[in-house]
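Report on the structure
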Amino acid sequence: MTPEEHASAAAALLRAEETRTQIGLLSLAHPGMTMDDAYAIQNEILSAKIAQGRQIAGWKIGLTSKAMQAALNIDVPDSGILFDDMGFANGSEVPAGRFIQPRIEAEIAFVMGNAISGRNVSREDVLAATECVAPALEILDTRIRRADPASGRARIITDTISDNAANAGFVLGRERHDVDAHDLRWVPAIVFKDGEVEETGLGAGVLNDPVESVCWLARRMACYGQRIEAGQVILSGSFIRPLECPPGTRVHADYGAFGTVDIAFA
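As the structure is a prediction and not an experimental result, all values here were calculated from the model.

A closer look at the sheet that holds strand S8 (residues 188–193)
Sheet architecture is open: five strands sit in the order S4-S13-S12-S8-S9, paired in mixed fashion. Edge strands, defined here as strands with exactly one partner in the open sheet, are strand S4 (93–94) and strand S9 (196–202).

Re helix H3 (residues 35–51)
Two residues of an α-helix separated by three or four positions point the same way, owing to the 3.6 residues in each turn. With 17 residues, H3 should reach 24 Å at 1.5 Å per residue; the first-to-last C-alpha distance of 24 Å fits that figure. Within H3, the full set of buried residues consists of Asp37, Ala38, Tyr39, Ile41, Gln42, Ile45, Leu46 and Lys49. Next to the buried residues of H3 lie helix H1 (3–19), helix H2 (26–29), strand S1 (56–62), strand S2 (78–83), helix H6 (157–162) and helix H7 (210–223). At the N-terminal boundary of H3, the capping side chain belongs to Thr34, with an oxygen 3.3 Å from the backbone nitrogen of Asp36. Taken from the residues just after H3, Gly53 is the one with a positive phi, measuring 100 degrees.

Some details on the pairing of strand S10 (residues 233–238)
Among the six residues that make up S10, six are buried, leaving the element largely enclosed by the rest of the structure. Of the pairings in the sheet, the one linking S1 to S10 comprises three bridges and is parallel in character. By the bridge assignment, Gly58 is partnered in S10 with Val233. Sheet topology places strand S5 (residues 103–112) next to S10; four bridges connect them, and they run antiparallel. Paired with Ala109 across the two strands is Leu235, which belongs to S10.

A look at the pattern of salt bridges
Evaluation of the coordinates by the stated rule reveals 10 salt bridges. Across the pair Asp209 and Arg123 runs a salt bridge whose closest N-O atoms are separated by 2.4 Å. Of this pair, Asp209 sits in the loop between S9 and H7 while Arg123 sits in helix H5 (residues 123–129), and the two are 86 residues apart along the sequence. Linking Arg227 and Glu229 is a salt bridge whose minimum nitrogen-to-oxygen distance equals 2.9 Å. For Glu229, a relative accessible area of 30% gives the class partly exposed.

Considerations on the pairing of S2
Consecutive side chains of a regular strand alternate in pointing toward one face of the sheet and then the other. With six of six residues buried, S2 is to be regarded as a mostly interior element. Alignment of S1 against S2, held across six bridges, turns out to be antiparallel. Following the sheet pairing, Gly62 is matched in S2 by Asp78.

Calculation notes
Residues numbered from 1 in each chain as written. Predicted model: local features only at pLDDT ≥ 70, side-chain atom pairs only at ≥ 80, totals over all residues. Heavy atoms only, no water. Pairing = 2+ DSSP bridges. Helix = DSSP H or I, 4+ residues; strand = E, 2+ residues; numbered from the N terminus. Expected span 1.5 Å × (residues − 1). Buried < 20%, exposed > 50% of the residue type's maximum accessible area, 1.4 Å probe, protein only. Contact = heavy atoms within 4.5 Å. Polar contact = N/O pair within 3.5 Å; in protein donor to acceptor, adjacent residues only side chain to side chain. Salt bridge = Lys/Arg side-chain N within 4 Å of Asp/Glu carboxyl O.

Here's what the structure looks like:
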């Protein structure tokens, strides 16, 4: 893809977000597009958001579980950007019409105390740079159709990355923990939707250890001249399948001793 095509695709995605009207699969319109093209489109969205007055609040990591990677026939995660208008208070309600097709995922969030960067970032580097960890929910949305209505073809990794890794919002629980206070591989989540248990999982579902997920992000960002900054929130990846959240949905995530997170959709 050319730089002009990157800019055009980003503009279409921004219009889709504003109008709540999905666009077609970019992978069909640009069959030769690569992951580098997809991240270039995401970077165009970043530039446009910054120009609108938004600030980067952090980053999200997606496709960290073997099941999700197998579904998209890839063997690497992806990442997206958290902006300052994406945060929702624990226990709050998402206004009606805010999103197109919202879903939620259960995650462990890292709040960074120091900047971290480089292609050789280690587990020890991540632990030293982390101020605290917290229970979190990510809100997903899809500005690109999940499947092409004519052919039935599903979106692929280049569509997802272009669409800011499907990120739309995030919720942090009240609890904050030192990064070494819990074995994050064994942090559990029982996720209730409208009072019924829908999903359960363990932190180990995220690349065997959520810390490794943050290592991956720092290394990937270094390839694009970026770094994780102090104060940013990192959503390390989901260890449950995405749950659909139509209007009226109420979600409660119980992480045991690690804490709880609640969100509702008007």
